[in-house]
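# Report on the structure
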Amino acid sequence: MGRIICVLAAALCLTGAAGAAWEPGAAARELSDALPEAAGEYLDGAEYGASGFAGGVARILEGVRAKVGGVVRRRTKGAAAVLLSAILCGAVRSGCGDAEQTSLCLSMAGALSVTALTAGSLEQLIGLGWKTIGELDEFSKAILPAMAAAVAATGSVNTATFQQVTTFFLVETLLSLMDGFLMPLTYLYIGLLTASCALSGNFLEALADGLKKFIAALLTNAVLLFTVYLSVCRILAGAADGMAVRAVRTAVTNTVPVVGGILAQVSESVLAGAGMLKNSLGVFGMLAVVAACAYPFLELGAQYLLYKAVAVLASVAGMPELRRLIDGLGGAFGLVLGMTGSAALLLFVSLLSFLTAAAP
Amino acid sequence: MIRAVKEWLLSVVMLSFLISLLRLLLPEGNLRKVGAFTGSLVLTAAILRPLARLEPQWPEWDWERYESAIAERTEELGGRREEAFRAEVEARSAELVRAKAEELGLTVSAVVTARTENGTPLPWGVRLDAPRNAALSEWLREALNIPPERQQWADGGP
């Protein structure tokens, strides 16, 4: 962590006039404090120059690769227990015949055991996803003002402001949408799935399917809408910045040549400093977002894929009802993965917009 | 929240179990059909129970807060940029004055103050630690647009 502060402070110190009203050491410390826990582990010693992104991503991938074995082993144990209960149910069914009463009993027993075996992972992984979303929210509160200050120094004051404030509001809105609406619906989806498996052949399965599609559509459309809104804000604010800069240029051309020369030199110097600061912060921010999501994505992704695989195997074992339940539970992990990814994507898009904001 | 959800999940699962058991125990025929129907209704009610208590918190977009936040931040960032720009103009102008003084054979330390006009910081006044020099004073007026009345010399006179 110490090295992160040093590298950041060095990057911020190099920015000259752009950082004049901003103490680099304090800003670097603030950013480093807000850095998500997992990100700090991967980014210690990374470079944040323009070419540092690829190196940072490679460092993150290396860190993740070291954890793949442990995560897959841990998740496979849980998935194997679920598969075993499906195989046992299938074996009992093939042994006792396909009578309606036996099928119903086996469906109930299977649903109960699968849900019980999944409950621990569900709680742990939903908690992990939610913790990551919270950490990204905290990090956005530190990185976005710093990025906005750097972009504003290039003359794009309106773009910087709109970008920062709008992202804050959008992240806040997305979080409250997840917390107050999407998460409870995800739990409802899990409940419906379990009940539909225990009472096979009823309307609950269709209801659960519909609910899952609704959650996914709501999440996708919310992120799409937010991204479009952010882009529109950026275009409108960019036009306002362009007009302001044209007015300043007219004022400069009307001044005496020596003063005009000073203003041109200062503009160039501030622009260069702010550009460097913007790039360093942008690379750092994007790497931090990727690093913060790497481990939760690995855990949730592994669980999602394993449950999908187990669902297919459960079907082969002669328990199609359990296939639907296990597949659906995998889908619930996918929904949590989607929510975490949405928060990360919004922050990533915002940082990318800051980075690509051209001086007016 | 997780605890409440676990309790709810458990109650749904247990109820499903009990209803299925009831279906198994009831004799085939109308009684079983009625039992299954009643059980489904009870289970549906149990599943939807949290929905009745659930107060969906649709996110609210507070436009007033959003607009005031934008206005505040624009002022803050604009002010910060202006401050940095003005400081740089002052420093570079002072450097230019010292260079010109050296060219005229003078050793002068200058502090230039700038003032923002129409969003552009321009040199406004200068304080020099040397007695008045007519050539430098004229240059300040012509090159930096600082008239003699805004030039402070060490001997006090403009």
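Reading guide: rules and limits
Residues numbered from 1 in each chain as written. Chains lettered and ligands numbered in written order. Predicted model: local features only at pLDDT ≥ 70, side-chain atom pairs only at ≥ 80, totals over all residues. Helix = DSSP H or I, 4+ residues; strand = E, 2+ residues; numbered from the N terminus. Buried ≥ 20, exposed ≤ 12 C-beta atoms within 10 Å, placed from the backbone. Contact = placed C-beta atoms within 7 Å. Pairing = 2+ DSSP bridges. Core = buried A, V, L, I, M, F, W, Y, C linked by C-beta atoms within 7 Å. Domains from an automatic or database assignment. Expected span 1.5 Å × (residues − 1). Bend = angle between axes of the 7 residues up to and from the residue. Axes fitted to C-alpha atoms, helices over the stretch in contact; angles between N-to-C directions. Parallel < 35°, antiparallel > 145°, perpendicular 65-115°, else oblique. Left-handed = near helix turned anticlockwise from the far one by under 90°. Nonpolar A, V, L, I, M, F, W, Y, C, P; charged D, E, K, R; others polar. pLDDT = per-residue confidence, 0-100.

Next up on the list: the overall build of chain A. On a plain count of helices and strands, chain A comes out with 9 helices and 0 strands. Going from the N terminus to the C terminus, chain A shows its helices and strands as α-α-α-α-α-α-α-α-α. Looking at chain A as a whole, 51% of its 360 residues qualify as buried.

Helices and strands together make up the secondary structure of chain B, namely 4 helices and 3 strands. Ordered by position in the sequence, the α and β elements of chain B form the string α-α-α-β-β-α-β. Across the 158 residues of chain B, 25% fall into the buried class. Taking contacts inside chain B between residues at least 6 apart in sequence as the whole, the part at least 24 apart equals 42%.

So, on to the sheet that holds strand β2 (residues 120–128) of chain B. Residues and elements named next belong to chain B. The sheet built from 3 strands is open, its strands ordered β1-β2-β3 with mixed pairing. Looking along the sheet, the strands with just one partner apiece sit at the ends: β1 (110–117) and β3 (151–152). Bridge count for β1 against β2 is 8 bridges, and the pairing is antiparallel. Each bridged residue has a counterpart across the sheet, and for T116 the counterpart in β2 is P121.

Core analysis: the biggest nonpolar cluster contains 133 residues, and M147, A288, A291 and I326 of chain A have the highest contact counts within it. With 29 residues, the top contributor of residues to this core is helix α8 (residues 257–316) of chain A. Both domain 1 (2–53) and domain 2 (75–152) of chain B contribute no fewer than three residues apiece to this core.

Size of an interface: often given as the accessible area lost when the parts come together. Taken residue by residue, the interface counts 54 residues in chain A and 48 residues in chain B. For the side of chain A that touches chain B, the elements supplying multiple residues, two or more each, are α5 (100–153), α6 (157–198), α7 (204–253) and α8 of chain A. Among the elements that make up the side of chain A that touches chain B, the one with the highest residue count is α6 of chain A (21 residues).

This brings us to helix α4 (residues 52–96) of chain A. Residue and element names in this part refer to chain A. Compared with the 66 Å implied by 1.5 Å per residue over 45 residues, the 63 Å span of α4 between its first and last C-alpha is a close match. The principal kink in α4, of about 40°, is found at K67. Of the positions making up α4, those classed as buried are G56, I60, R75, A79, V82, L83, S85, A86, C89, G90 and R93.

In terms of domains, chain B is made up of domain 1 (2–53) and domain 2 (75–152). Relative to domain 2 of chain B, the C-alpha centre of domain 1 of chain B lies at a distance of 84 Å.

Let us look at the packing of α8 of chain A against helix α9 (residues 320–356) of chain A. A pair of packed helices is characterised by two quantities: the angle between their axes and the separation of those axes. At a closest axis distance of 8 Å, the pairing of α8 of chain A and α9 of chain A adopts a crossing angle of 170°. One finds that α8 of chain A runs roughly antiparallel with respect to α9 of chain A.

What follows concerns the packing of α8 of chain A against helix α3 (residues 63–103) of chain B. At a minimum axis distance of 10 Å, the contact between α8 of chain A and α3 of chain B shows a crossing angle of 130°. Considered as vectors, α8 of chain A and α3 of chain B are oriented oblique to each other. Crossing geometry of α8 of chain A relative to α3 of chain B is assigned as right-handed. For the pair formed by α8 of chain A and α3 of chain B, the contact residues are I262, L263, Q265, V266, S269 and V270 of chain A on the first element and A84, F85, E88, V89, R92, S93 and L96 of chain B on the second. Among the residues making up the contact of α8 of chain A with α3 of chain B, the classes are represented as 8 nonpolar, 3 polar and 2 charged.

On the secondary structure map, T102 of chain A appears in helix α5. Sequence spacing of T102 of chain A and V92 of chain A is 10 residues, and the spatial spacing of their C-alpha atoms is 9.0 Å.

Turning to the pairing of β2 of chain B, a few remarks are in order. Sheet analysis places β2 of chain B next to β3 of chain B, joined by 2 bridges and oriented parallel. Opposite R127 of chain B, over in β3 of chain B, you have Q152 of chain B as the bridge partner.

Here the phi dihedral of N145 of chain B falls at roughly 60°; this positive angle occurs in a residue that is not glycine. Within the secondary structure layout, N145 of chain B lies in the loop between α4 (134–143) and β3.

Turning our eyes to something else, we now look at α8 of chain A. Residue and element names in this part refer to chain A. Here α8 spans 84 Å end to end across 60 residues, near enough to the 88 Å set by a 1.5 Å rise per residue. Along α8, the sharpest kink reaches roughly 35°, centred on A294 and followed within four residues by the proline P296. Just downstream of α8 lies G318, where phi reads positive at about 95°.

Here we take up the confidence of the model for chain A. Residues and elements named next belong to chain A. Averaged over chain A, the pLDDT score is 81; the fraction of residues at 70 or greater is 85%. Mean pLDDT values for the elements of chain A range from 52 in helix α1 (residues 2–13) up to 89 in α9. Below a pLDDT of 50 lies the segment residues 14–22, which in the model reaches 30 contacts outside its immediate sequence neighbourhood of four places, other chains included.

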